[in-house]
Amino acid sequence: MTVVLCDAGPLMALGKLNRLDLLAGLFGQVQIPRAVYDEVVTQGLVRGAAEALTVRLFWQSQQWPIVDVPEALLAAYTPPVTLDPGETELLALAQAVADPLLLLDDEVAPPEARRLGLLMYGTLGILVRAHRQGLLSFDQAELLIREIAARPDIWIAARLCEQVLASLST
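Report follows, based on the coordinates. All of these numbers come straight from a predicted model, not from anything done at the bench. (Residues numbered from 1 in each chain as written. Predicted model: local features only at pLDDT ≥ 70, side-chain atom pairs only at ≥ 80, totals over all residues. Heavy atoms only, no water.)

A few points about the overall build of the protein chain
No. 1: Looking only at helices and strands, the protein chain has ten helices and five strands in total.
No. 2: With the C-alpha coordinates of the protein chain rotated into their principal frame, the extents come out at 45 × 35 × 30 Å.
No. 3: Pairs at least 24 apart in sequence give 64% of the contacts found in the protein chain among residues at least 6 apart.
No. 4: Total accessible area on the protein chain stands at roughly 8400 Å², and carbon and sulfur atoms take up 54% of it.
No. 5: Between the mean site of the 12 positive side-chain charges and the mean site of the 20 negative ones, the protein chain shows a separation of 4 Å. (Helix = DSSP H or I, 4+ residues; strand = E, 2+ residues; numbered from the N terminus. Contact = heavy atoms within 4.5 Å. Areas by Shrake-Rupley, 256 points an atom, 1.4 Å probe, with all protein chains shown as cover. Lys, Arg positive; Asp, Glu negative; His and termini not counted. Charge placed at Lys NZ, Arg CZ, Asp CG, Glu CD.)

Spelled out as structure tokens, the structure:
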């Protein structure tokens, strides 16, 4: 079974869209490193981010793992680029797992994941996959992608959203 590891970006975006359920429908179980949980939930609650509570309650209801990444894994991974603690833990952990699937949106982390030969999806890829697997109708997927493009608090370029919409309708 594929281990699915998620970074903060997709958690925050899907939490803001109230569609964390897609993670359960697509992947069965998702794991997050402790630093990702702290970034999204602990720090998010301090900032008053509504999605922080949404993610916390969803994670508790699913009883999904929050992984404490061993210090030895972190010490063994020295990325050639600057990553935040969540991304660092995610990529260090991914290298210790057989054929993981990563969920991440950041600008810097995806190229590093590709360099490491890791399979990944971003938030838009999750929505496309949900549509293709029948979890979202075309209209639902389109609405969510258009909402992402319009929201200043979800940091995914409108241009990319339009490209994904064009590919979704073909």
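As for the side chain of Glu51
No. 1: With respect to the secondary-structure elements, Glu51 resides in helix H4 (residues 50–62).
No. 2: Judged by its relative accessible area of 8%, Glu51 is buried.
No. 3: If near-sequence neighbours (up to four positions away) are discounted, Glu51 is found in contact with Met12, Gly15 and Lys16. (Buried < 20%, exposed > 50% of the residue type's maximum accessible area, 1.4 Å probe, protein only.)

Regarding the packing of aromatic side chains
No. 1: Evaluation of the coordinates by the stated rule reveals three aromatic pairs.
No. 2: Through pairs of rings, three or more aromatic residues link up here, namely Phe58, Trp59 and Trp64. (Phe/Tyr/Trp six-rings, centres within 6.5 Å; stacked < 30°, edge-to-face > 60°.)

A short note on the side chain of Lys16
No. 1: Inspection of the secondary structure assignment puts Lys16 in helix H1 (residues 8–16).
No. 2: Contacts of Lys16, omitting those with residues within four sequence positions, involve Glu51, Arg151, Asp153, Ile154 and Trp155.

Concerning the pattern of salt bridges
No. 1: This structure, assessed with the given rule, holds nine salt bridges.
No. 2: As a salt-bridge pair, Lys16 and Glu51 come within 3.9 Å of each other at their nearest N and O atoms. You can see Lys16 sitting in helix H1 and its partner Glu51 sitting in helix H4, a full 35 residues away along the chain. Glu51 matches Lys16 in its accessibility class, with the two residues each being buried.
No. 3: As a salt-bridge pair, Glu112 and Arg115 come within 2.7 Å of each other at their nearest N and O atoms. (Salt bridge = Lys/Arg side-chain N within 4 Å of Asp/Glu carboxyl O.)

What to know about the layout of surface pockets
No. 1: What the largest pocket holds in volume is close to 590 Å³.
No. 2: In this structure, the largest pocket is lined by 30 residues; those nearest its centre are Asp105, Asp106, Glu107, Trp155 and Ile156.
No. 3: Looking at the lining of the largest pocket, the elements with two or more residues in it are H1, strand S5 (119–121), helix H8 (123–132) and helix H10 (158–168).
No. 4: Per element, the largest residue contribution to the lining of the largest pocket is five residues, and it comes from H1.
No. 5: Here the lining of the largest pocket is composed, by residue class, of 15 nonpolar, five polar and ten charged. (1 Å grid on protein atoms, 1.4 Å probe; cavity = no way out; pocket = protein on both sides within 12 Å on 5 of 7 lines; lining within 4 Å. Points joined across faces, edges and corners; volume = space filled by probe spheres on them. Nonpolar A, V, L, I, M, F, W, Y, C, P; charged D, E, K, R; others polar.)

Details of the nonpolar core
No. 1: Formed by 41 residues in total, the largest nonpolar core has its most connected members in Leu11, Leu23, Val30 and Leu103.
No. 2: Not counting residues up to four positions away in its chain, the partners in contact with Leu103 are Val4, Leu5, Cys6, Asp7, Pro10, Leu23, Phe27, Val30, Tyr121 and Ile126.
No. 3: Listed in part, the 16 residues of the second largest apolar core include Val69, Leu90, Leu102 and Leu104. (Core = buried A, V, L, I, M, F, W, Y, C linked by side-chain atoms within 4.5 Å.)

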